[in-house]
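Architecture and fold: a report
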Amino acid sequence: MWSWIFPKRCPVCKIFIKDEDDLCLSCEQNWPRLKSACCTLCLFPFKNNDEPHLCGDCLTYESAFEEVKALGLYTGDLKNLILKFKFQKEESLALFFAKLFSQFQNQYDLIIPVPLHFKKLRQRGYNQSALIAKNLSKQWQIDWDPFC
Ligand SMILES: [Zn+2]
Ligand SMILES: [Zn+2]
């Protein structure tokens with residue numbers, strides 16, 4: 001019923017889309033997907049279409065994480081949506097990003113959003129990664145904790 005009253009729109013171009021879709025077909029096709037050739041740990045994209053391997057940084061320095069998941073390259077429509085979400089607090093984008101992240105396999109015990117420096121938090125009034133974490137927590141049905 002809500003979808004009848006508030007039909008879903010493509011977050012990029014704002015045309016009406018089906019409830020089960022995340023983007024319209026055109027924006028789906030333009031989405032800046034990761035290329036197959038990228039670092040196997042941090043997903044840094046390589047210029048040459050090499051076999052997947054570790055990048056120079058990941059070979060040189062010990063990583064603080066075991067794995068990175070990304071929704072695409074930081075360019076085009078994805079970059080524009082991230083900037084809109086960060087600086088204009090378009091809250092529907094929290095649900096959109098959480099839904100895209102929820103397509104990755106859930107093998108986690110807890111979701112911890114990247115903290116925001118208190119000055120930025122005061123300036124912006126919200127932590128965008130906490131908004132995604134909260135929505136993702138609902139999708140995956142696991143806890144999230146912004147205070148870890
Ligand atoms: Zn679109
Ligand atoms: Zn790397």
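Rules used in this analysis
- Residues numbered from 1 in each chain as written.
- Chains lettered and ligands numbered in written order.
- Predicted model: local features only at pLDDT ≥ 70, side-chain atom pairs only at ≥ 80, totals over all residues.
- Heavy atoms only, no water.
- Phe/Tyr/Trp six-rings, centres within 6.5 Å; stacked < 30°, edge-to-face > 60°.
- Buried < 20%, exposed > 50% of the residue type's maximum accessible area, 1.4 Å probe, protein only.
- pLDDT = per-residue confidence, 0-100.
- Helix = DSSP H or I, 4+ residues; strand = E, 2+ residues; numbered from the N terminus.
- Donors = N, O, S within 2.8 Å, 3.2 Å for Na, K, Ca; no water.
- Tetrahedral: all angles 85-135°; square planar, octahedral: opposite > 155°, others 65-115°.
- Contact = heavy atoms within 4.5 Å.

Topic: the packing of aromatic side chains
Think of a pair of aromatic rings as described by two things: how far the centres are apart, and how the planes are tilted against each other in angle. The full count for this structure, using the stated rule, is 6 aromatic pairs. Centroid distance phenylalanine 44 to phenylalanine 46: 6.4 Å. Interplanar angle 65°. Geometry classified as edge-to-face. Since its relative accessible area comes to 14%, phenylalanine 46 is described here as buried. Put simply, the rings of Trp31, Phe85, Phe96 and Phe97 touch in pairs and so form one group of aromatic residues.

Side note on the confidence of the model for the protein chain
Of all residues in the protein chain, 97% have pLDDT values of 70 or greater, and the mean over the chain is 89. For the protein chain, per-element mean pLDDT is lowest for helix α1 (residues 2-5), which scores 62, and highest for helix α2 (residues 25-30), which scores 96.

Here we look at the coordination of the zinc ion (ligand 2)
In the first shell of the zinc ion (ligand 2), the protein supplies Cys39 (SG), Cys42 (SG), Cys55 (SG) and Cys58 (SG), at 2.3 Å from the metal. Classification of the site at the zinc ion (ligand 2) rests on its 4 donor atoms, whose angles at the metal span 106 to 113°, yielding the label tetrahedral. Every donor residue of the zinc ion (ligand 2) comes from the same chain, spaced as C-x2-C-x12-C-x2-C. Here cysteine 39, found in the loop between α2 and α3 (56-60), pairs with cysteine 58, found in helix α3; they are 19 residues apart in sequence, far enough to count as distant. Each of the two residues, cysteine 39 as well as cysteine 58, counts as buried.

Topic: the environment of leucine 131
One can find leucine 131 in helix α7 (residues 128-140). Through-space distance from the C-alpha of leucine 131 to that of tryptophan 31 is 22 Å; in sequence the pair is 100 residues apart. Contact partners of leucine 131, with chain neighbours within four places excluded, come to Phe85, Lys89, Ala94 and Tyr126.

A word on helix α5 (residues 92-101)
Among all positions of α5, only Leu93, Ala94, Phe96, Phe97, Ala98 and Leu100 are buried. Lining the buried residues of α5 we find α4 (76-88) and α7.

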